[in-house]
Amino acid sequence: LKLGRLYRYVKLAVLGSLAAALVLNTHSLLASLQRNELSERRFLQLNKCPACWGTSWCRKFLNGQLRLESWGRLRLLDFFNVKNVYFARYGEPREGSRRVVLKRLGSAQELADIDTKICRRATGRGRCDLLQALPATEFASLNGDVRLLTPGAVEGWSDLVHCPSQRLLDRLVRRYAETKDSGSFLLRNLKDSERMQLLITLAFNPEPLVLQSFPSDEGWPFAKYLGACGRMVAVNYVGEELWSYFNAPWEKRVDLAWQLMEIAEQLTNNDFEFALYLLDVSFDNFAVGPRDGKVIIVDAENVLVADKRLIRQNKPENWDVWYESKFDDCDKEACLSFSKEILCARVTVDHNYYAICQNLLSRHATWRGTSGGLLHDPPAEIAKEGRLEALLDECANPKKRYGRFQAAKELREYLAQLSNNVR
């Protein structure tokens, strides 16, 4: 009883504090609801450029074509928006408006750390004038005389270029969307500011470069990149996150599971011979289109790209031996066990199947206090048959050598069959 009373008192105190804060800040709250911060250079951190993500959409931002949705305008709620992700309406003349997602690509602390790192690299101090410091960093070392972006210059800067090939880097430069001269793989064709923006994005959060280099328009399962202004990136709004479908009807969950396995296959084996390995797989990293029901990756920060052509050419030790990822039975959510060095050195790797099965589909998947994965509680006849459970278990934690490869193939086929049966 005493604990119950204490809980109520604490709850009332918290609510009272929030109410007081709302009353004291009523004027500023009303002001923030009325003004369009997306047209303000300071809110966009445009003053940080070229230590920013780009400027291709600045005209749209500054002209007021983007507006934050209702609650997103309240800066009081930024405390809860740790990832700095906002929803906004974007309007074009004669086309009406549509929903877009805006990302700062890091928390407030992470963005502050970028400034600190740049200052320390340039001056040895934690604070400085960014614009004066940048020319003394490696981000300015690749100047107009440098013809190509080469692996030796950026290898290991981020997951995207943990083991880059020249073919991958040429693709990144050629498809760089934050320049008017896109289409050329020559680094020297970019302006000095554009080169620094490209390199800083590559080093601190390469998600925009993944979306640009492997675009949705060409069938890659990523959200569509739209543009950037300062430290704000705009991407297409896909739909509700995968988590919201955790308790959807069985038929829907089967279809989503089949799509996830197809994504794992596409990223692992494709005609371009680039293997894109997902190093962070959770329900929050995927979304589902409300109209077409298509599953899309909406968080592509931690994607490692391995060039299979380069691996075959260099033939590192055991390059042609199939690699089986080790099952990680940890007590945390979204656990994955992997070696970046091995992902970069083998042609045949089961990492993506492992990540999808363990963290999303099988009984080992845990998220927000739930267990059982997306395919929990199957219909009685499917549970009795036992094939689905057996395939999911072998895919997540194989008992036979190369068992996951075979289980993933059979699981894709079985889910396609189940999906067709319920349509």
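Residues numbered from 1 in each chain as written. Predicted model: local features only at pLDDT ≥ 70, side-chain atom pairs only at ≥ 80, totals over all residues. Heavy atoms only, no water.

Student: For this particular structure, what's the right way to read the pattern of salt bridges?
Tutor: Between side chains of opposite charge, pairing is possible as soon as their charged atoms come close. With the rule as written, the count across this model stands at 19 salt bridges. When the shortest N-O distance is used, the salt bridge between R363 and D393 registers 2.9 Å. Placement of the pair is R363 in the loop between α14 (351-361) and β11 (366-367) and D393 in helix α16 (residues 387-396), with a sequence separation of 30 residues. Classification of R363 by relative accessible area gives exposed; the value is 51%. Linking E413 and K409 is a salt bridge whose minimum nitrogen-to-oxygen distance equals 2.9 Å. Taken together, the positions of E413 and K409, both in helix α17 (residues 403-422) and 4 residues apart, correspond to about one turn of that helix. The exposure class assigned to E413 is partly exposed, which follows from its relative accessible area of 43%. Linked through salt bridges whose partners overlap, the residues forming this network are K48, D115 and R231. (Salt bridge = Lys/Arg side-chain N within 4 Å of Asp/Glu carboxyl O. Helix = DSSP H or I, 4+ residues; strand = E, 2+ residues; numbered from the N terminus. Buried < 20%, exposed > 50% of the residue type's maximum accessible area, 1.4 Å probe, protein only.)

Student: Explain the sheet that holds strand β1 (residues 66-68) here, please?
Tutor: Hydrogen bonding along the main chain pairs the strands of a sheet, whether they run parallel or antiparallel. Taken together, the 5 strands give an open sheet; going across it, the order is β1-β2-β3-β5-β4, and neighbouring strands pair in antiparallel fashion. Unpaired on one side and paired on the other, β1 and β4 (225-229) mark the two borders of the sheet. If you compare each strand with its neighbour and ignore which way they point, the axes differ by 35 degrees on average. Sheet analysis places strand β2 (residues 85-92) next to strand β3 (residues 96-103), joined by 8 bridges and oriented antiparallel. Bridge assignment links Y90 to a residue of β3, and that residue is R98. (Pairing = 2+ DSSP bridges. Axes fitted to C-alpha atoms, helices over the stretch in contact; angles between N-to-C directions.)

Student: Would you take a moment to explain the environment of L187 for this structure?
Tutor: In this structure, L187 sits in the loop between α8 (166-174) and α9 (192-204). According to the relative accessible area criterion, L187 is buried, its value standing at 1%. Sequence separation between L187 and T150 is 37 residues, and the spatial gap between their C-alpha atoms is 9.7 Å. Setting aside residues up to four positions removed in sequence, L187 forms contacts with L142, V146, R147, L148, L149, V173, R195 and L198. (Contact = heavy atoms within 4.5 Å.)

Student: What exactly am I supposed to notice about the nonpolar core here?
Tutor: In a soluble, globular protein the nonpolar side chains are often hidden away together inside. Counting residues in hydrophobic clusters, the biggest one holds 90 residues, and the most contacted among them are F222, M261 and F286. L44, L46, L68 and L102 belong to the second largest nonpolar core, which has 20 residues in total. (Core = buried A, V, L, I, M, F, W, Y, C linked by side-chain atoms within 4.5 Å.)

Student: Could you clarify how one ought to interpret the pairing of β4 in this entry?
Tutor: Sheet faces and side chains relate simply in a regular strand, where the side chains alternate between the two faces. Within β4, 5 of the 5 residues are buried, which leaves the element mostly enclosed by the surrounding structure. Where β4 meets strand β5 (residues 232-236), 4 bridges bridge the pair, whose relative direction is antiparallel. Bridging from a neighbouring strand, C229 pairs with M232 of β5. The hairpin turn running from β4 into β5, its antiparallel successor, is 2 residues long, and G230 in that turn takes a positive phi close to 65 degrees.

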